[in-house]
Amino acid sequence: QTFTVKHSGVTPLYQIENAYTISTNGKVIRKPAEFNSKYDQKVNFTSLMVLPAYTEVNEYVYVAGYDETGKGGREIFRIRNINNETWSLPEPLGPVINTQRDEDYPYFDIRSSTLYFSSEGHSSMGGLDIFKSVFDWNTKTWSKPENAGFPINSPYDDFMLVMDDLGQSAQFASDRSTGPGMVTLYRIAFRKEEEGMK
């Protein structure tokens, strides 16, 4: 899949959630305190997540954080909407997704059942790289995470990729070529492969 960079802009890391302008079925927010583990609170951990505009009962939201021990590094969890007022306890996505290194910044694209997340583990080019894994609803398993590759990923930290509603464009953040505390938010548009290339 090829793409073009449509736009980029530099923003302070602490304000990054306000810089996402992509039209998606939710919005990028800081993980709410009620989704934090005791260890998250202890180390004052904060991450970004995409809160869907609407979640049906039994649907999931995806968050990053530490388990109660904090030993396994940051991990990706999903939290089920039990009813419209109650959420389940965070459930780790398991060893296909979570490595001994840090995983963070999950975004689940409902349209394609694809989880985009950042990891220092798997086959990272350095720092946090963006990976994708597809969930199989029949077998309830995740595919082996695939590195999104250059130029989305770099030797720096690349993270929080969010797709638009139609899967035609995405935004992601990177701290390549920015000063301390700043990140560049890239907007990319995917080009359809030529006919006959499928």
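Reading the values: rules and limits
Residues numbered from 1 in each chain as written. Predicted model: local features only at pLDDT ≥ 70, side-chain atom pairs only at ≥ 80, totals over all residues. Heavy atoms only, no water. Helix = DSSP H or I, 4+ residues; strand = E, 2+ residues; numbered from the N terminus. Rg over C-alpha atoms; globule rule 2.2 N^0.38 Å. Buried < 20%, exposed > 50% of the residue type's maximum accessible area, 1.4 Å probe, protein only. Contact = heavy atoms within 4.5 Å. Areas by Shrake-Rupley, 256 points an atom, 1.4 Å probe, with all protein chains shown as cover. Lys, Arg positive; Asp, Glu negative; His and termini not counted. Charge placed at Lys NZ, Arg CZ, Asp CG, Glu CD. Phe/Tyr/Trp six-rings, centres within 6.5 Å; stacked < 30°, edge-to-face > 60°. Lys NZ or Arg CZ within 6 Å of the ring centre and 35° of its normal. Pairing = 2+ DSSP bridges. Axes fitted to C-alpha atoms, helices over the stretch in contact; angles between N-to-C directions.

Caption draft 1: Representation of the overall build of the chain. Across its full length, the chain carries one helix and 15 strands. Here the chain has a C-alpha radius of gyration of 16 Å; the compact-globule value for 198 residues is 16 Å, and the two agree. Projected onto its principal axes, the C-alpha coordinates of the chain cover approximately 45 × 40 × 30 Å. When each of the 198 residues of the chain is scored for burial, the buried share is 49%. Once local pairs closer than 6 in sequence are excluded, the contacts in the chain between residues at least 24 apart make up 47%. Of the accessible surface of the chain, which amounts to about 10600 Å², a share of 52% is contributed by carbon and sulfur atoms. Here the chain carries 20 positive and 26 negative side-chain charges, and the mean point of each set is 1 Å from the other.

Caption draft 2: Local environment of the packing of aromatic side chains. Enumeration over the complete set of coordinates arrives at 14 aromatic pairs. Taking 4.7 Å as the distance between ring centres and 50° as the angle between the ring planes, the aromatic pair formed by Phe 135 and Trp 142 counts as tilted. For Phe 135, a relative accessible area of 4% puts it in the buried group. Taken together, the aromatic side chains of Tyr 62, Phe 108, Phe 135, Trp 137 and Trp 142 make up a single cluster linked through ring pairs. The positively charged end of Arg 78 is found above the aromatic ring belonging to Tyr 60, 3.9 Å away from the centroid.

Caption draft 3: Main features of the sheet that holds strand 14 (residues 169-174). Strand order in this open sheet of four strands is 1-15-14-13, and the pairing throughout is antiparallel. This sheet does not close on itself; its edge strands, each paired only once, are strand 1 (2-12) and strand 13 (158-163). Across the sheet, the mean angle from the axis of one strand to that of its neighbour is 20°, orientation sign disregarded. By the bridge criterion, four bridges tie strand 13 to strand 14 in an arrangement that is antiparallel. Paired with Val 162 across the two strands is Gln 171, which belongs to strand 14.

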